[in-house]
Amino acid sequence: MAYASGYFKTGYAVELRLVETRLQWTSLAALLVLLAAFPFVAPAFVIGIANQVFLAIVGAAALMLLMGYAGQISLGHAGLLAAGALSTGILFKETGAAFWVTLPASAAVGALLGVVFGLPSLRLKGLYLAVTTLALHFVVAFVGGEYETRRGFSSGIVIPPPSLGSFTLVEQSHWYFLLLALDVLVILFCLNLLRSRTGRALIAIRDHDVVAEALGIPVRQHKLAAFVISSTLTSIAGSVLAYYRGFVSIEAFTLYLTIDYVAMVIIGGMGSMLGVVLGAAFVVSFPHVIEALVRSIPWSQAIANEIFAVNYAAFGLIMILFLVFEPLGLVGIWRRVRNYFLLWPFRQTTVGGGGA
Amino acid sequence: MDRPGSLSVERLALHFGGLAVLDDISLEVRPGELLALIGPNGAGKTSVLNCISGLYRPLRGRVVFEAREITGLAPHSIASLGLARTFQHGGLFAHLTVLQNLLVGRHAHFRSNALWDGLFLGPARRSEIAQRDEAEKIIEFFEIERYRHSVVAGIPFGIQKVVGFARALAMGPRLLLLDEPSAGLNREGKEDLARFILRIKHEMHISMIWVEHDMQMVADLADRVYVMDYGEYITDGSPDQVLRDPRVVEIYLGSQSAERRHESA
């Protein structure tokens, strides 16, 4: 479609491909080469940030499926991440299980919680649904807190890095490749879902649930499926996060974390998987950029203690600016730039309705 | 199958709070019949369709589709039994393309599940291709090939109406419920619509209940006309007979307003 000219399709299977033209294949290969070369040239600090972005992408993709495509607002995202991380932590502490046990177990816990989180969606919509998911966030936080204090882990649970045979996953650059692979798998899964009937059904439910039902889509079943898929992915992200940090404490999973993820989805651009990547990169790197900016001004010592406040204020401001001026998020900006250069140096005066 | 596409509605009553929307409505659609459902605004025509398709649950009465009672079934179950409908205001998914809208209509025909879809292997890929083929037949039937990949929000209103119709037919029904398909169409659009309706009737033998305000179209196309007003049955019969019925004329023109016009003249 976009970027393709003089390129003709000869079957429906060709039209289903995610990557179509040679140019797209080349750009994708170039991107992968760049990503693979990155940890060899970047300083450790930057690789650390990249890893955080990769981790955030898994959780943000899950939230995008639920909010951006299925249209179900959830404020329980931090609770689900916590559930994944805690399941891993508890399983390890109680039974000493290895990652190949804890990871699927955490995913299963996530799937189960997805049903619980999803049940209110069968009756409630919009803000009311958001409030019930918020309540569930606090339930998870309470249960986690109780476990930690009763078992005497009030300061958190320490988890050793995962190891397979003689290999132990410690180094940031090793994590980098693992998380990159995880991201590729998760994004592929989501893109596949979206180009097939399940994805279309979710979008149909988001746009017109009554019509979707009348067209033969079991709406309740699909809403639950959206919650289950989303929370399973989120729980996996939580479990991997626990191993990455080497430490689980329920205190890390506050409502601010939920807001961060919601911000990734909104700033990235609702209803776009590219938006997930852009949004996660933006939100994760934002505080580091602000910090660097603040440090670069000469009288930075005077406000060094206020840096968190500056951070939150700037973040809030950016959110408002996006909501007001660019509801389509970073993806919207990217599309406009792309469309501009598609015909450059000629100007495009009319823009057709929507784009892929 | 027993009398494919036949439907009978028996003594339907529907109340919204204290308001009687439908009162004792009974109607019958024979296999392959084109039944026009007419009446002034607020007569309860759409409510009848909503009760049939399961969106409203009637207070009393039964709906029987092909000798099987469907009253109280979930709308998606009714739809997958072979009963499709269009919506007065289109009800299209504005962010999806025309093709994707039709594929949503084919939902019940896919042999796949969310897991296969996520992997996009086996049944997911196969049914995606097979259903695309079916959707293309519908696209060809309605002559909307050039809009196939257009996002619905960006196409002209007249074409959107056609897409809404096409999506219902894509469901592969034996009974079609059409809710004012001609509303807002120009002359050319209406002529196309008439052609589609006739081809569906004669080539596909699909029964239809057709809510319509254009009496000329009703007179020209319908096998039988059913008239209602204020949620009540008025009369039914052949178009010629019904449209000349003084009660029907009165409903549409209003006896008092006619008298008043007479007095002032």
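Not measured: the values here are computed from a predicted model.

All names here are of chain B. Looking at where Gly82 falls in the secondary structure, it is placed in the loop between α2 (75-80) and β6 (83-85). Expressed as a C-alpha distance, the spacing of Gly82 and Val211, which sit 129 residues apart in the sequence, is 19 Å. Apart from the residues within four sequence positions on either side, Gly82 is in contact with Phe65, Pro173, Arg174 and Leu175.

Once that is clear, we can look at the packing of helix α12 (residues 273-296) of chain A against helix α14 (residues 329-343) of chain A. Residue and element names in this part refer to chain A. It is at 8 Å that the axes of α12 and α14 come closest, and there the two elements cross at 115°. The pairing of α12 with α14 is recorded here as roughly perpendicular in orientation. Considering the relative orientation of α12 and α14, their crossing is right-handed. Across the interface between the two elements, Leu274, Gly275, Leu278, Gly279 and Phe282 of α12 pack against Leu330, Val331 and Trp334 of α14. Of the residues that constitute the contact of α12 with α14, the class distribution is six nonpolar, two polar and no charged.

Once that is clear, we can look at the pairing of strand β10 (residues 232-237) of chain B. Residues and elements named next belong to chain B. By the bridge criterion, five bridges tie strand β9 (residues 224-229) to β10 in an arrangement that is antiparallel. The residue bridging Asp229 from the neighbouring strand is Glu232, located in β10. Counting the residues that bridge the hairpin from β9 to β10 gives two residues, and of these Tyr230 lies at a positive phi of roughly 45°.

Let us now look at the environment of Leu113(A). With respect to the secondary-structure elements, Leu113(A) resides in helix α5 (residues 99-118). With 34 residues separating them in the primary sequence, Leu113(A) and Gly79(A) have C-alpha atoms 9.9 Å apart.

Hydrogen bonding along the main chain pairs the strands of a sheet, whether they run parallel or antiparallel. Overall, antiparallel pairing links the four strands, which are arranged β2-β1-β4-β5 (chain B) in an open sheet. Looking at the sheet topology across the chains shown, the edges are occupied by β2 (19-29) and β5 (68-69) of chain B.

This part is about the interface of chain B and chain A. On the side of chain A, 31 residues touch chain B, which itself brings 36 residues to the contact. Roughly 3100 Å² is buried in total at the junction of chain B and chain A, and carbon and sulfur atoms are behind 67% of that figure. Salt-bridge contacts for Glu128(B) lead to Arg200(A); the nearest nitrogen and oxygen are separated by 2.7 Å. The interface formed by chain B and chain A holds 10 residue pairs in polar contact (both at pLDDT 80 or more) in total. Of the residues in the side of chain B that touches chain A, the class split is 18 nonpolar, 11 polar and seven charged.

A few words on the domain arrangement of chain B. Residues and elements named next belong to chain B. By the assigned domains, chain B splits into domain 1 (1-82 + 173-265) and domain 2 (93-172). When each unit is reduced to the centre of its C-alpha atoms, the spacing between domain 1 and domain 2 is 27 Å. Listed by partner, the interface residues are 19 residues for domain 1 and 13 residues for domain 2. Of the roughly 1300 Å² buried between domain 1 and domain 2, counting both surfaces, carbon and sulfur atoms make up 76%. The tally of links between domain 1 and domain 2 comes to one salt bridge. With its nearest N and O atoms 3.1 Å apart, the salt bridge here joins Arg195 to Glu143. Here the side of domain 1 that touches domain 2 gets seven residues from one element, more than from any other, and that element is helix α7 (residues 187-204). Considered class by class, the residues forming the side of domain 1 that touches domain 2 number 13 nonpolar, two polar and four charged.

Cut-offs applied
Residues numbered from 1 in each chain as written. Chains lettered and ligands numbered in written order. Predicted model: local features only at pLDDT ≥ 70, side-chain atom pairs only at ≥ 80, totals over all residues. Heavy atoms only, no water. Helix = DSSP H or I, 4+ residues; strand = E, 2+ residues; numbered from the N terminus. Contact = heavy atoms within 4.5 Å. Axes fitted to C-alpha atoms, helices over the stretch in contact; angles between N-to-C directions. Parallel < 35°, antiparallel > 145°, perpendicular 65-115°, else oblique. Left-handed = near helix turned anticlockwise from the far one by under 90°. Nonpolar A, V, L, I, M, F, W, Y, C, P; charged D, E, K, R; others polar. Pairing = 2+ DSSP bridges. Buried area = accessible area lost by both parts, 1.4 Å probe. Salt bridge = Lys/Arg side-chain N within 4 Å of Asp/Glu carboxyl O. Polar contact = N/O pair within 3.5 Å; in protein donor to acceptor, adjacent residues only side chain to side chain. Domains from an automatic or database assignment.

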